[in-house]
Amino acid sequence: MLVTRNSKDSRNSRVAARSRGASASLSTAPLVVMAVALAAISAAAVWEFYSRGHLLDYGDALAHLNISRRIIDSRTPGPEQIGTVWLPLPHLLMLPFAANDFLWRTGLAGSIPAALCFFAAGLFLFAAARRLFGGNAAGAAAALCFALNPNALYLQSIAMTEAFLFAALLGLLYFAVLFRQTQRFYAVVMAGAVCCTATLVRYEGWFLIPFAAVFFFF
């Protein structure tokens, strides 16, 4: 009994020490700097593809924009227009922007919400990596590897669904790391929320649920 109690106390002490060490390095200033950098990278990519007329090159991007527009501007507008092979959340997030003729015609109606999700994904990755490795340099390296990927930059600039999934996946990663270090119930709730959000974005999100559940259970 004494050995078991000592073992349990030792494990709790290690968890608390990790949490204190991670918290000590999680100052706000590096997060602000990374947020500014991610916003600048995202905006520069959107401007580059917009200025070259590439926002509507991909057929699926055009289809996503038109689905959002049809909800409010079609012969039979209404929520039934969401019902297609694609999942609904990206179209609903594009909807406020697709209502504007200029944003819809240029493709920027899809760029804005996708870029915001790319921004959130980068911040989640930065926060998760610096918690895992206990340093801002590691967080910045991870976030910049993601944010400077040419494929990711193009997908966050057009009306595609990948950027929305990036945000959900990396949000799940962050809250899983947070729970591992702090054991806060709040982290479980938020992980569940972003995991469920992923299921409304792409079908790959459905695949996440059992694995996320197993991780938190054990």
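Residues numbered from 1 in each chain as written. Predicted model: local features only at pLDDT ≥ 70, side-chain atom pairs only at ≥ 80, totals over all residues. Heavy atoms only, no water.

A. How the structure looks around the packing of helix α2 (residues 28-51) against helix α7 (residues 136-147). Where α2 meets α7, the axes come as close as 11 Å, and the angle between the chain directions of the two elements is 10 degrees. For the element pair α2 / α7, the angle class is roughly parallel. Residues Pro 30, Met 34, Leu 38 and Ile 41 of α2 form the contact with α7, whose own contacting residues are Asn 136, Ala 140, Ala 143, Leu 144 and Ala 147. Residue composition of the contact of α2 with α7, grouped by class: eight nonpolar, one polar and no charged. (Axes fitted to C-alpha atoms, helices over the stretch in contact; angles between N-to-C directions. Helix = DSSP H or I, 4+ residues; strand = E, 2+ residues; numbered from the N terminus. Parallel < 35°, antiparallel > 145°, perpendicular 65-115°, else oblique. Contact = heavy atoms within 4.5 Å. Nonpolar A, V, L, I, M, F, W, Y, C, P; charged D, E, K, R; others polar.)

B. Quick look at the environment of Leu 165. Looking at where Leu 165 falls in the secondary structure, it is placed in helix α9 (residues 162-182). With 51 residues separating them in the primary sequence, Leu 165 and Ala 114 have C-alpha atoms 9.7 Å apart. Excluding its chain neighbours within four sequence positions, the residues that come into contact with Leu 165 are Ala 198, Val 201, Arg 202 and Glu 204.

C. Layout of helix α6 (residues 108-133). Taking 1.5 Å of rise per residue, 26 residues should cover 38 Å, and α6 covers 37 Å from first to last C-alpha, within 8% of that figure. Most of α6 is tucked away, with 19 of its 26 residues classed as buried. Positive backbone phi, approximately 70 degrees, marks Gly 134, located one or two places after α6. (Expected span 1.5 Å × (residues − 1). Buried < 20%, exposed > 50% of the residue type's maximum accessible area, 1.4 Å probe, protein only.)

D. Broad picture of the packing of α6 against α9. In contact at an axis separation of 8 Å, α6 and α9 are set at 25 degrees when each is read in the N-to-C sense. It follows from the interaxial angle that α6 and α9 lie roughly parallel. In terms of crossing hand, the pair formed by α6 and α9 is left-handed. When grouped by side-chain class, the residues that make up the contact of α6 with α9 number 20 nonpolar, three polar and one charged. (Left-handed = near helix turned anticlockwise from the far one by under 90°.)

E. Quick look at the pattern of salt bridges. Within the structure shown, the criterion is met by five salt bridges. Its salt-bridge partner being Arg 202, residue Glu 162 comes within 3.2 Å of it at the nearest N-O pair. Here Glu 162, found in helix α9, pairs with Arg 202, found in the loop between α10 (185-199) and α11 (204-217); they are 40 residues apart in sequence, far enough to count as distant. By relative accessible area, which is 17% here, Glu 162 ends up buried. Where salt bridges share partners, they join Arg 69, Asp 73 and Asp 101 into one cluster. (Salt bridge = Lys/Arg side-chain N within 4 Å of Asp/Glu carboxyl O.)

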